[in-house]
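# Observations on the model geometry
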Amino acid sequence: METIVAVKDLTQKIGRKTVLDGLTLEVRAGECLGIFGMKGSGKTALLHILAGIDRFTSGKVEVAGIDIRRTEKFKIYLGLVTQERSLFQDLNAAENLDFIAALKNAGRDNIDRLIERLELGEVLNQPVGHMEAGPYQRLALACALLNNPRLLIADELIGAIDLYSRRIILRELETFLAGGGTCIWALSNAEFMRHVHRVGWLEKGKITFYPPAEALTRWNARLQSPAGQGGDGDA
Amino acid sequence: MLRQCLAIMRREVFYLWRDRGLRHILLFGSLLGLMLFYAVYSAQVLKDIPTAVFDLDNSAASRELVDKIGKAEYLKLVASTASYDDLRELIKQGKAVVGVVIPENYGRNLALGRQARVLAVIDGSNMIYATNASAALLTVTRTLSAQAGVSALVARGVQLQQAKDAYQAIDISEEAWFNPALNYAYFLVLALALNIWQQCCTLAACLNVIGERGMKSWLQIRACGISKFRFFASKSIAQIFIFMAVVLPLYILGFGALKLPLNCSWAALLLFTLAFAIAVHSIGTLASSFARNAVDAARFGMIIALPSFVLSGYTWPLEAMPVYLQKVAWILPQTWFFQGINYFAFKNAGWNLMAHYILAMLAIAAVCYGAAAVFIARS
Amino acid sequence: MRQILNIAHYEMLHIFKEKILFLMVFLVPLGYAALFGAAYVSAVLNNVPVAIVDLDDSKLSREIAAAFANSPHFKVIDGIKTYAELQEGMKNGRVRAGVIIPEHFEQDISRHALTRVLTIYDGSNLIWGYNTRKYIREVFNDFIAGRAASYLAGLGYTKNEVRAIMDTVSLNTEVWYNPTFSYTNFLYMGLIMIILHQIGLLSVSLTVTREKERRTWLQFLSAPVPAWKIFAGKALPYFVAGFFNYALLLWFAARFIQVKIGGSLPLILLLGLLYDVIITAAGFFISTRAPNSLQVTRYVMLLSVPLFMISGFTWPWTHIPAYINFLARLLPSTWMMLGFRQVALKELEMSYVLPHIWALILMAFLAVLAAVTFPKRLNPPPDAGPAINSGPSYPSRWK
């Protein structure tokens, strides 16, 4: 299978702190990789590098075979859902879809389809600033998918949102993956591990890969251990 | 209670220091302004106004006139052109501000007592140049016409003494008070630097209320149960203290090192400045009390602080503005301050007038603080 | 093109939604222009309050007093009779000038004894100072000429003869470009240029910082839209508004403040166009680099006074040190203010403003180049220790 993301020896230093310490990872087309870690473990830092937002200290990152330091071209294959609200708060939902479609130079024909699939019809006139978490997250996903991306980068795709929205989002994710899409999903809630194909456990700047079931077992074991959340650090 | 207040003041100093932009602005803003403006006006007096002469006559008499123009106060001969067009060109290009055209046969006509017209042209596009050049030419005109008149009378057979009597100029002397050399640096440098200072202070003061209420830490303050009045009063005292600490080096440098004139006592000047610092702070506090965020607060404050110097009448006089605008201007503390700087630093107009000015600024401060208190209490 | 227009469309929507930004883009420039216009509308400093301390009280001294009273430039203030009162009046601003005629003045004149009229004026404000000095000299020149004429008439010369003698040599002074010595013609358009510069810069320089603060900048960065299109789209509304304001303010100045705006219209439009490009591009560039709106607002606003003062627009650049002139020439406002004066006030043709136009073209090119080449990658946020207002946020009650 085709490799869509190839990261080699990626290091990110912020001030004196090494956030990512020589990461190497590969993601193949059609795969859903979960990046698991606690707050501050560097998930967002990693995702923002992959999305071509942040500069990084050293290493090599290729997306769809393109060295992301050289050009911006890989961004046409990209969809991004950010952890913090980054949609345009002065616009309503429909305007956000329209505007972001324009930014991505994607046709408008996708908009209707996504509104229908993510059930956004009722919130289209709502200003994004006052939207509830569930519909907002659905809208964010719709915006990310406007350009039919090959790679979806989702930072906390599902947080503490209503179950109805959660179900819709997971259904859409499945469709996306079934259609040959690839997803990198950063999560801090172990509950969602079962929805990914592989878990990359990010801790102290290093990443270790587990099948989802094993990752969950390790996490539960850590929760039980007397040392508590700090864990034994074998991950 | 004192301990509480001191803690708040101490924290306020840290707050201002850790806002890097504000720190730079307060530390360097007005000092840089002072240095820059002093450099701009380092020539101090507008001498050597570039003057070009087109002498069609080229006689002894015309050369004498050229010499006289060259020696007139503030004028400086820079060119002698071969044609009128050249002269006009120099003025168009701004290389000469004054142009003098001496007609053909000037010397002969003068000797014969016939008419001779000399033309002087002034480039009026820059008023500082134009008023000075015009004043300089007026003295040339006076002596020239007297001289010519005497020789014309003598040519008509009038006795020299009698001819001189006719033109015996009433002797006039001029004195410019408070700034005898008409030093432009004395006039403007300190005031411009203080203008920058008051803008910097406004920017800092505009963070007073919103800087707390716009942050999550406001919840801590609310939870502590400290009275809002005591909290903001302590903060304000610290800020005003900092404003004074910022203006002090400005004064020391200006009056000490740069020798700008200071004719009232230091104590009086500092007291006067303190009243203004309080007034400026009150405006910033008011802006910060109703603004939605820090940027809007800065905008509100600066909307007043920026044009206030022009409106204060420190340069273009208040008396020359329409009456309604004068009334508006006197609402602003900046008007009282900059007018006061003129009256006290230059003229030492006396304690009575100063007390009046100080009271006016404190009254403005009271109104602004009062309004700010209403906004704070209502939220 | 569709992308650019789309970005421009939404930027426009934003300007209309954010009330204060809307005011800044469309109303504040005119507001400031009106305010300063009102301040300078009288244009000429007349009615200088003068006190005449007449210690002689003779026919001659009263003639001198009358000369001042008859001049439109002066307004004689009554009730100041002694030197001490004059001193007091000068200090508290009741009068700006004084004429002191010494005792026995007329007597001394007729005896050819040494005597003189002392005139004083207020030098603490040089707008008063320069003008008053000029007015005093004008009044005295006229007075002396008048006296000579009457003396000659007393000698038995006819009117025509007197005129012939008096006019033997005359130095006629012509004032070009601004013959009325209008302060408004001199200063006002410079202020207008600074207003356009500052308010224009301030509006456009918030366009990216705002996105950074709301994290929507991530949408721009992660989308496959090239930097130059982001610039073109976002800057377009401000550019149009800037040019609209330029035209509006010129019209306002000419129509209501009676400022002389002559010269070639295409040149004025060209200058305005270049100036607008520079302001918009420079503002956008600042915006891409600045950490947040608060810092931009602070620094930009503080620049207003220095920009004006170092330009050589008032205090002539010939009397400013070379290094300050060098600094001033790096700024577009300097070239614009001086160039505009060449065209509008001096009504000069193209060849006299070529250096200004070239300088502005160069700056416009550099500014646009800087604006379109901003990197679409961010540096990770630095670890700045305890700091406030240096990152992409500032105190705000409602986020």
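Residues numbered from 1 in each chain as written. Chains lettered and ligands numbered in written order. Predicted model: local features only at pLDDT ≥ 70, side-chain atom pairs only at ≥ 80, totals over all residues. Heavy atoms only, no water.

## Quick word on the sheet that holds strand β3 (residues 97–101) of chain C
The strands making up a sheet are joined through hydrogen bonds of the backbone, oriented either antiparallel or parallel. One open sheet holds the five strands; their spatial order is β5(B)-β4(C)-β3(C)-β1(C)-β2(C), and the pairing between them is mixed. The outermost strands of the open sheet, each flanked by one partner alone, are β5 (172–177) of chain B together with β2 (74–76) of chain C. Averaged over neighbouring strand pairs, the angle between their axes works out to 25° when direction is ignored. Against the sheet, helix α7 (residues 126–154) of chain C engages β5 of chain B together with β1 (48–54), β2, β3 and β4 (117–122) of chain C, with an angle of about 155° to β4 of chain C. (Pairing = 2+ DSSP bridges. Helix = DSSP H or I, 4+ residues; strand = E, 2+ residues; numbered from the N terminus. Axes fitted to C-alpha atoms, helices over the stretch in contact; angles between N-to-C directions. Contact = heavy atoms within 4.5 Å.)

## Some words on the packing of helix α13 (residues 265–289) of chain C against helix α17 (residues 332–345) of chain C
Residues and elements named next belong to chain C. Direction vectors running N to C along α13 and α17 enclose 170°, while the axes themselves pass 10 Å from each other. In terms of axis orientation, α13 runs roughly antiparallel to α17. The residues of α17 that touch α13, namely those facing L267, I268, L271, G272, Y275 and I278, are P332, S333, M336, G339, F340, V343 and A344. Grouping the constituent residues of the contact of α13 with α17 by class yields 10 nonpolar, three polar and no charged. (Parallel < 35°, antiparallel > 145°, perpendicular 65-115°, else oblique. Nonpolar A, V, L, I, M, F, W, Y, C, P; charged D, E, K, R; others polar.)

## Topic: the UniProt feature "transmembrane region" (unreviewed entry) in chain B
Residues and elements named next belong to chain B. When the UniProt feature table is mapped onto this chain, "transmembrane region" (unreviewed entry) is found at residues 21–41, 184–210, 231–254, 266–290, 297–316 and 357–377. As a span, residues 184–210 carries 85% helix and 0% strand, and end to end its C-alpha atoms are 40 Å apart. From the first C-alpha to the last, residues 297–316 spans 29 Å; its make-up is 75% helix and 0% strand. (UniProt positions renumbered as here; feature names shortened; annotations may be inferred.)

## Observations regarding the pairing of strand β9 (residues 198–203) of chain A
All names here are of chain A. Of all six residues making up β9, six are buried, and the element is well covered by its neighbours. What you see with β9 is no split at all: R198, G200 and L202 on one side and V199, W201 and E203 on the other are buried throughout. When strand β3 (residues 32–36) meets β9, the two strands line up parallel, connected through four bridges. Across the sheet, residue F36 finds its bridge partner in β9, namely W201. As paired strands, β9 and strand β10 (residues 206–210) are joined by five bridges and run antiparallel to one another. (Buried < 20%, exposed > 50% of the residue type's maximum accessible area, 1.4 Å probe, protein only.)

## Here we look at the UniProt feature "transmembrane region" (unreviewed entry) in chain C
All names here are of chain C. UniProt marks residues 20–41, 186–208, 235–254, 266–287, 299–317, 323–340 and 352–374 with the feature "transmembrane region" (unreviewed entry), using the numbering shown here. Within residues 299–317, the helical portion is 58% and the strand portion 0%, while the C-alpha atoms at the span's ends are 25 Å from each other. Measuring from the first to the last C-alpha atom of residues 323–340 gives 23 Å, for a span that is 89% helix and 0% strand.

## Some remarks on the domain arrangement of chain C
Quoted interface sizes are often the accessible area lost when the parts come together. Once the domains are mapped, chain C shows domain 1 (2–41 + 183–372) and domain 2 (48–166). Summarising the inter-unit geometry, the C-alpha centres of domain 1 of chain C and domain 2 of chain C are found 49 Å apart. (Domains from an automatic or database assignment.)

## Concerning the interface of chain B and chain C
Each partner contributes to the interface: chain B provides 136 residues, whereas chain C provides 119 residues. Summing the contributions of chain B and of chain C, the shared interface buries around 11800 Å²; its carbon and sulfur component is 64%. Looking at the side of chain B facing chain C, the largest losses of area belong to I170, W177 and W316 of chain B, adding up to 8% of the total buried there. Remark: the boundary between chain B and chain C carries seven salt bridges. Put simply, E319 of chain B and R96 of chain C hold a salt bridge, and the shortest N to O gap is 3.2 Å. At the junction of chain B with chain C, the criterion picks out 46 residue pairs in polar contact (both at pLDDT 80 or more). With 21 residues, helix α6 (residues 127–155) of chain B is the single largest residue contributor to the side of chain B that touches chain C. Residues that form the side of chain B that touches chain C fall into these classes: 78 nonpolar, 34 polar and 24 charged. Summarising the sheet, β5 of chain B and β4 of chain C pair through six bridges and their orientation is parallel. Bridge pairing in β4 of chain C places W177 of chain B opposite D122 of chain C. (Buried area = accessible area lost by both parts, 1.4 Å probe. Salt bridge = Lys/Arg side-chain N within 4 Å of Asp/Glu carboxyl O. Polar contact = N/O pair within 3.5 Å; in protein donor to acceptor, adjacent residues only side chain to side chain.)

## Some points on the UniProt feature "domain: ABC transmembrane type-2" (unreviewed entry) in chain C
Following the UniProt record, the feature "domain: ABC transmembrane type-2" (unreviewed entry) maps to residues 153–378 of chain C here. Note that residues 153–378 of chain C is 72% helix and 4% strand, and that its end C-alpha atoms are spaced 88 Å apart.

## Thoughts on the state of the cysteines
All names here are of chain B. Within the structure shown, the criterion is met by zero disulfides over all chains. Its sulfur unpaired, C5 is 13 Å from the next cysteine sulfur, which belongs to C224. Relative accessible area serves as the criterion here: at 10%, C5 is assigned to the buried category. (Disulfide = S-S within 2.5 Å.)

## Points about the side chain of E11 of chain C
Position of E11 of chain C among the secondary structure elements: in helix α1 (residues 2–17). When residues no more than four places from it in sequence are discounted, the contact partners of E11 of chain C are T207, R210, E211, K234, P237 and Y238 of chain C.

## Quick word on the arrangement of the chains
The protein chains that touch form two pairs of chains, and the pair with the most contacts between them is chains B and C. Taking C-alpha atoms only, the smallest gap left between chain A and chain B, which are not in contact, amounts to 16 Å.

## Observations regarding the domain arrangement of chain B
Once the domains are mapped, chain B shows domain 1 (2–42 + 184–378) and domain 2 (49–167). Using C-alpha coordinates to define each centre, domain 1 of chain B is positioned 51 Å away from domain 2 of chain B.

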